[in-house]
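# Observations on the three-dimensional arrangement
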Amino acid sequence: MEGDMNKGMKLLIITHQSSLYQHIRRMVSNHADADDVMQNVLVKVYRAIEKFESKSKLSTWLYRIATNETLTFLKKEKERMKTTSRNDTQLIELKADSYIEEGRIIMVLEKAISLLPEKQKLVFNMRYFDEMSYNEISSVLQLTTGGLKASFHHAVKKIEAFIKENEIG
Amino acid sequence: MKIELKKEIRGTCLENIDKTFFEYKVPEGYFDNLSQRALAEAENPSNVNKVVRLIRYSSWMGITAAVVFLIASLCYFNIQISSENIFENISGEEIMEYASMEISLTDLDMAMLLEEELSGFVNISSEAIDQYIDDHTDLIELEKILEFQE
């Protein structure tokens, strides 16, 4: 029975690991942090999978856990930054991260996204990169679709303004 | 790209960006053993952060609290009513003299009192407290906190 559970869990992880990783990685500044969050997410999923009630799609449930874990991580990071002033190093890590393709356009868009407030950033990433529907995002973030549409619209405007300021596009 | 999304970003600089450049690469072999690492960590009992409920709510506790509150309220109002009568019999000079008396509660006394009050929480680890906060904080609250901090 436990063996079946582990097999099922492995299959679940393998199916969703890439999209979950990308979702988390876009919110945190480096791979090490993304790995930490990813581990916490998978452990929580493993321990809570029996409580999953199929009220929402499995992927939505996974995204919700990943989002909550990421926000919790970011909150702790902010607390830590208050005492260690990691703001500058975070930007340097963003630029020096060897796991992302080089190129000025990427860096500028990366920076523009990183300057968005957390909620807008989440909405933007889920809509633009993951191409999730507003209903799906609404299930993950527990926000109204109207609010999400407005949030995405504002995010796009801000990003565009930033990119134009930096003479790209 | 989905048609709806295309419409939303039409005319913006995001329209022509190749999103495949924004796929974060992972170290080689990272996903190969991710599930194994996660399962090993999840099955390790030492990694289970026990959630310590600071208060266990139940229906009888609610009833008890309501009864205590009612009795305390009645006592308070009785004291107020009776204290009005008491003060009628005390002269202003006597009250001034009482107020001018030095109260001998030092900082040390206060610290000792606080220590006794808090001694029940000393054995709760910071991890358990973090876990409790983590499990009882929802996304909306976190958003508000994060937005407030910005």
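This is a predicted model, so every value here is computed, not measured. (Residues numbered from 1 in each chain as written. Chains lettered and ligands numbered in written order. Predicted model: local features only at pLDDT ≥ 70, side-chain atom pairs only at ≥ 80, totals over all residues.)

### Looking at unusual backbone geometry
Residues and elements named next belong to chain A. You will see that Glu131, though not glycine, has its phi angle at about 55 degrees, which is positive. For Glu131, a count of 13 C-beta atoms within 10 Å corresponds to the partly exposed category. The backbone phi angle of Gln142 is positive, close to 60 degrees, even though this residue is not glycine. One can find Gln142 in the loop between α7 (134-141) and α8 (145-165). On the basis of neighbour count, Gln142 is assigned to the partly exposed category, with 13 C-beta atoms found within 10 Å. (Buried ≥ 20, exposed ≤ 12 C-beta atoms within 10 Å, placed from the backbone. Helix = DSSP H or I, 4+ residues; strand = E, 2+ residues; numbered from the N terminus.)

### Side note on the packing of helix α5 (residues 104-114) of chain A against α8(A)
Residue and element names in this part refer to chain A. Interaxial distance between α5 and α8 falls to 9 Å at its minimum, and their mutual angle equals 135 degrees. Viewed along their axes, α5 and α8 adopt a mutual orientation that is oblique. You can see that α5 and α8 cross each other, and the crossing is right-handed. Taking contact as the criterion, the partners of Val108, Leu109, Ala112 and Ile113 in α5 are, on α8, Ile159, Phe162 and Ile163. (Axes fitted to C-alpha atoms, helices over the stretch in contact; angles between N-to-C directions. Parallel < 35°, antiparallel > 145°, perpendicular 65-115°, else oblique. Left-handed = near helix turned anticlockwise from the far one by under 90°. Contact = placed C-beta atoms within 7 Å.)

### What to know about the packing of helix α2 (residues 31-48) of chain A against helix α2 (residues 34-43) of chain B
The interhelical angle for the contact between α2(A) and α2(B), taken along N-to-C directions, is 60 degrees, at an axis separation of 9 Å. Judged on the interaxial angle alone, α2(B) and α2(A) are oblique. You can see that α2(A) and α2(B) cross each other, and the crossing is right-handed. Contact residues: α2(A) offers Gln39(A), Leu42(A), Val43(A), Tyr46(A) and Arg47(A), while α2(B) offers Arg37(B), Ala38(B), Leu39(B), Glu41(B) and Ala42(B).

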